[in-house]
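Notes for the structure review
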Amino acid sequence: MPQLLSGNEACAIGALRAGVRFFAGYPITPSTEIAEYFARELPRLGGTYIQMEDEIGSICCMNGATAAGLKAMTATSGPGFSLMQEGIGYSIMAELPCIIVNVMRGGPATGTPTRSSQGDLMQARHGTHGDHPIIALCPWSVRECFDLTVEAVDVSERLRLPVILLMDEVVGHMRETVELPLRVETWKPSNPRRPKEEYFHYGDETNYDSDIASFGEGFRVHLTGLVHRKDGLPTNDPETIRWNMDRLRRKVDDNASWLWDLTYEDLGAETVIVCYGSSARSATEAKNLYQRKTGRSVGIIRLRMVWPFPQQRMVSLLRSARRVIVPEMNMGQMNRSVERAVSPDVPVISVQRYDGEMLTPGEIVDAIGREVPSARPLPEEDLHPGFSIADDEEF
Amino acid sequence: MRSEIRIAGTGGQGVILASIVLAEAAGVHENRKVVQTQSSGPEARGGASKADVIISDEPILFPKCRLLDVLVCLSQQAVEEYMSDLKVRGTAIIDSFHVRECPRENALCLELSQTARKELGRELFTNIVTLGALARVTGVVKLESLQKSIANRVPAHTVELNQKALRAGWNLEAIARTASSTPTA
């Protein structure tokens, strides 16, 4: 029997079915229903729900639960996501698999709590300091809130990395009828098979599908946000620092081909739309409308995983595109990444909306139909005003 | 067939719950495609509040209403803000108590909040009275489907009162005079 569920509820259900048994958070619109669901259901399942004093406490608490071996999650929105950034860096450095849900609302600061936005796309990528890998998923429907939460748990466990689920107010609060699977498969780390003396918490070269010990199982586990050696103890040795940083980067780079998650259609068309999240609903409807009206087909690529950006894949998918349209509920964030995936003579048109409302299909249809110059304009060459070769020849 | 329905009023009137009950009735109990979205101010009650429900036989992509088939207004502000989104032949249902004036001549002015007060004793039930009237006027969803979804969505100790509110809305005299279908409840 189908159910009528909101995206936030579907996300929480997905997490529970994927084995999440710990939630630490500080409720904030428009993510509150996720915390509410966990507060109601986790105690019944023998799990733990804890409301912390703020979002800094929330992510640290979740990191602790993860270190102790639980699948853990937190959910927040813009202001809370900002506070969590340091903790996200810690999850990455200490290699703690956990899920951070950000149901995006308008920013900066308190912004527009009840309105939608995709303004945290770049914050998700670069919010925490230092070079680091990041994985972020972006659902467009209630069903996908469920599916991508399950995928987030799976990926985070495999790679021992935090995964960010970037939802937005529309997807989080929207209700649709869905039939959700009762059982889902996620990867489970095995306990260390080595004798205790030979166990190194960070010993695995790739840390992919590795066996891993939790706190309290008798293995030596030392966690720190400092750059560390194989055994987890801090180091300043340049060679070890490089080894550690490279290993973190390789977690995502080496696994990119199976990580990348996107859908596409009609890529032979001259114009291709690249989209993600709830604006992909407007974009898909715009594609259908335009085709019906003009008889000309429009290509579409929808990223379900926005970070890592599927650079090489996009280069090959966009090879025959003569024009790319990137609709976003922000002031243009993903369009930069898309520009790097096409040749400079292919215009990348950023269709933006940042007034709290969704982009309408009509706005995107207009952008598809609009004539644009065939090349991006280059800046005029007046780097040194008043300076010319002629002046120079005097010397 | 595709219907775009908006229920608008003031935060605290239950317009969002009404939209959820309506979406569940059509989506779960009649197997139609539905999307429900909502928009409210940052305040808990008192601000403007609206909820959109799209009911269709085709998959629904863009989830917000654009051209309304049905608009329910439980406040004057809602009339002023959304009446221009209603199709020329769309159905406007307005509350006789909270709406002072309406630019649409063919708007259906019903005693929704007054019926809630008179027959249920509390204005709190206006949203469900409204659903009964909406179902009767538009035929967009069956009364039985609404009854089932009310049983699932409202607090257990209020189910009976809400069912009564639904029937009160369905049986409103002003509709009975104009409705073509015969009452079944």
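Think of each chain on its own: its residues are numbered from 1, step by step along the sequence as written. Here every chain gets a letter starting at A, and every ligand a number starting at 1, in the order they are written. Side-chain atom pairs in this predicted model are given and counted only at pLDDT of 80 or more, local residue features only at pLDDT of at least 70, and totals for whole chains, interfaces and linings cover all residues.

Let's talk about the overall build of chain B
As a reminder, the rule being used: Numbering goes from the N terminus for both helices and strands, where a helix is a DSSP run of H or I of at least four residues and a strand is a run of E of at least two. For every residue, the other C-beta atoms within 10 Å of its own C-beta are counted; 20 or more classify it as buried, 12 or fewer as exposed, and values in between as partly exposed. C-beta atoms are placed from the backbone. We call two residues in contact if the C-beta atoms placed from their backbones are at most 7 Å apart.
Regarding its fold elements, chain B presents seven helices and six strands. Reading the secondary structure of chain B in the N-to-C direction produces β-α-β-β-β-α-β-β-α-α-α-α-α. Along the first, second and third principal axes, the C-alpha set of chain B runs to 40 × 40 × 35 Å. Within chain B, the fraction of its 185 residues that count as buried is 50%. Sequence separation of 24 or more characterises 59% of the internal contacts of chain B that already satisfy a separation of 6 or more.

What about the overall build of chain A?
This is how it is decided: Two things to know: the radius of gyration comes from C-alpha atoms, and the globule rule equals 2.2 Å times the number of residues to the power 0.38.
Scanning chain A from N- to C-terminus turns up 14 helices and 15 strands. Against the 2.2 N^0.38 benchmark of 21 Å for 395 residues, chain A shows a C-alpha radius of gyration of 23 Å, consistent with a compact globule. The principal-axis extent of the C-alpha atoms belonging to chain A is close to 70 × 70 × 40 Å. Looking at chain A as a whole, 46% of its 395 residues are labelled buried. When contacts within chain A are restricted to residue pairs at least 6 apart in sequence, long-range pairs at least 24 apart make up 76% of them.

As for the sheet that holds strand E4 (residues 68-73) of chain B
Here is the rule: A pair of strands is labelled paired if DSSP reports no fewer than 2 bridges between them. Where helices are involved, their axes are fitted lines through C-alpha atoms of the stretch in contact, as for all axes, and angles between N-to-C directions lie from 0 to 180°.
The mixed open sheet is built from eight strands, whose spatial order is E1(A)-E9(A)-E2(B)-E3(B)-E1(B)-E4(B)-E5(B)-E6(B). At either margin of the open sheet sits one strand with a lone partner, and together these are strand E1 (3-6) of chain A together with strand E6 (108-110) of chain B. In this sheet, adjacent strand axes meet at a mean angle of 20° when their direction is disregarded. Along the sheet face, helix H1 (residues 7-17) of chain A touches E1 and strand E9 (175-178) of chain A and points at about 95° away from the line of E1 of chain A.

What to know about the environment of Ile 134 of chain A
Inspection of the secondary structure puts Ile 134 of chain A in the loop between helix H5 (121-126) and strand E7 (136-137). When near neighbours in sequence (up to four residues on either side) are disregarded, Ile 134 of chain A contacts Ala 124, Arg 125, Ile 164 and Trp 307 of chain A.

Observations regarding the interface of chain A and chain B
We apply this condition: Amino acids are sorted into nonpolar (Ala, Val, Leu, Ile, Met, Phe, Trp, Tyr, Cys and Pro), charged (Asp, Glu, Lys and Arg) and polar (every other residue, Gly among them).
Each side of the interface is counted separately: chain A has 18 residues, and chain B has 17 residues. Among the elements that line the side of chain A that touches chain B, the one with the most residues is helix H10 (residues 279-294) of chain A, at four residues. Here the residues of the side of chain A that touches chain B sort into seven nonpolar, seven polar and four charged.

What to know about the sheet that holds strand E14 (residues 323-328) of chain A
All names here are of chain A. Reading across from one edge, E10-E12-E11-E14-E15 is the order of the five strands in this open sheet, with mixed pairing throughout. Lying at the two open borders of the sheet, with one neighbouring strand each, are strand E10 (262-265) and strand E15 (348-352). Averaged over all pairs of adjacent strands, the angle between their axes in this sheet comes to 20°, without regard to strand direction. Examined bridge by bridge, E14 and E15 share five bridges and lie parallel to one another. Bridge pairing links Pro 327 to Val 351 in E15. Strands in contact with H10 are strand E11 (271-276), strand E12 (299-303) and E14; relative to E11, the strand with the most contacts, it is inclined by about 155°.

Looking at unusual backbone geometry
All names here are of chain A. A cis amide bond links Thr 29 to the next residue, Pro 30, at an omega of 0°. For Pro 30, the position within the fold is in the loop between strand E2 (22-25) and helix H2 (32-41). For Ala 109, which is not glycine, the phi torsion reads 55° and is therefore positive. With respect to the helices and strands, the residue Ala 109 is situated in the loop between strand E5 (99-106) and strand E6 (112-116).

Some points on the packing of H1 of chain A against helix H6 (residues 142-159) of chain A
Residues and elements named next belong to chain A. Counted only if it meets this: Helix crossings get a hand from a simple test, with the near helix turned counterclockwise from the far one by less than a right angle marking a left-handed crossing and a clockwise turn marking a right-handed one.
Between H1 and H6, the shortest axis-to-axis distance is 7 Å and the interhelical angle comes to 35°. With respect to the hand of their crossing, H1 and H6 are arranged in right-handed fashion. Taking contact as the criterion, the partners of Gly 7, Ala 10, Cys 11, Ile 13, Gly 14, Ala 15 and Arg 17 in H1 are, on H6, Val 142, Arg 143, Cys 145, Phe 146, Asp 147, Thr 149, Val 150 and Val 153. Looking at side-chain class alone, the contact of H1 with H6 contains nine nonpolar, three polar and three charged residues.

Considerations on the domain arrangement of chain A
How big an interface is tends to be stated in terms of the accessible area lost upon association of its parts. Residue and element names in this part refer to chain A. Our working definition: An automatic or database domain assignment provides the domain bounds reported here.
Partitioning chain A into domains gives domain 1 (3-178) and domain 2 (262-369). Relative to domain 2, the C-alpha centre of domain 1 lies at a distance of 26 Å. When contributions to the side of domain 1 that touches domain 2 are tallied by element, the ones reaching two or more residues are E6, H5, E7, strand E8 (163-168) and helix H7 (169-173). Ranked by the residues each element gives to the side of domain 1 that touches domain 2, the list is headed by H5, at four residues. Along the lines of polarity and charge, the residues of the side of domain 1 that touches domain 2 split into 13 nonpolar, six polar and three charged.

Here we look at the nonpolar core
Defined as follows: Put simply, a nonpolar core is a cluster of buried Ala, Val, Leu, Ile, Met, Phe, Trp, Tyr and Cys residues tied together by C-beta atoms within 7 Å.
Counting 155 residues, the largest nonpolar core has Leu 165 and Leu 166 of chain A as its most contacted members. When we break this core down by domain, the ones giving at least three residues each are domain 1 (3-178) and domain 2 (262-369) of chain A.

Some details on H10 of chain A
All names here are of chain A. Note the cut-off: By definition here, a helix of n residues has an expected span of 1.5 Å times n minus one.
The end-to-end C-alpha distance of H10, which contains 16 residues, comes to 22 Å, matching closely the 22 Å that a straight helix rising 1.5 Å per residue would cover. Residues Ser 279, Ala 280, Arg 281, Ser 282, Ala 283, Thr 284, Glu 285, Ala 286, Lys 287 and Tyr 290 constitute the buried set of H10. In this structure, the buried residues of H10 make contact with E11, E12, E14 and helix H13 (361-369). Directly after H10, the chain includes Gly 295, whose backbone phi takes a positive value near 75°.

Side note on the environment of Gln 36 of chain B
For Gln 36 of chain B, the location among the structural elements is in strand E2 (residues 33-40). For Gln 36 of chain B and Val 70 of chain B, which are 34 residues apart along the polypeptide, the C-alpha to C-alpha distance reads 14 Å. If near-sequence neighbours (up to four positions away) are discounted, Gln 36 of chain B is found in contact with Met 174 and Arg 175 of chain A together with Ser 19, Ile 20, Ala 23, Ala 51 and Val 53 of chain B.

Regarding the packing of H1 of chain A against H2 of chain A
Helices that pack against each other are described as a pair by the angle of their axes relative to one another and the distance between those axes. Residue and element names in this part refer to chain A. Defined as follows: By the definition adopted for this analysis, an angle is roughly parallel if under 35 degrees, roughly antiparallel if over 145, roughly perpendicular if from 65 to 115, and oblique otherwise.
It is the contact of H1 with H2, at a shortest axis distance of 8 Å, that shows an interaxial angle of 45°. By the angle class used here, H1 and H2 are oblique. Like other packed secondary-structure pairs, H1 and H2 cross with a definite hand, here right-handed. Counted together, Asn 8, Glu 9, Cys 11, Ala 12 and Leu 16 of H1 and Glu 33, Ile 34, Tyr 37, Phe 38 and Glu 41 of H2 form the full contact between these two elements. Partitioning the contact of H1 with H2 into residue classes produces six nonpolar, one polar and three charged.

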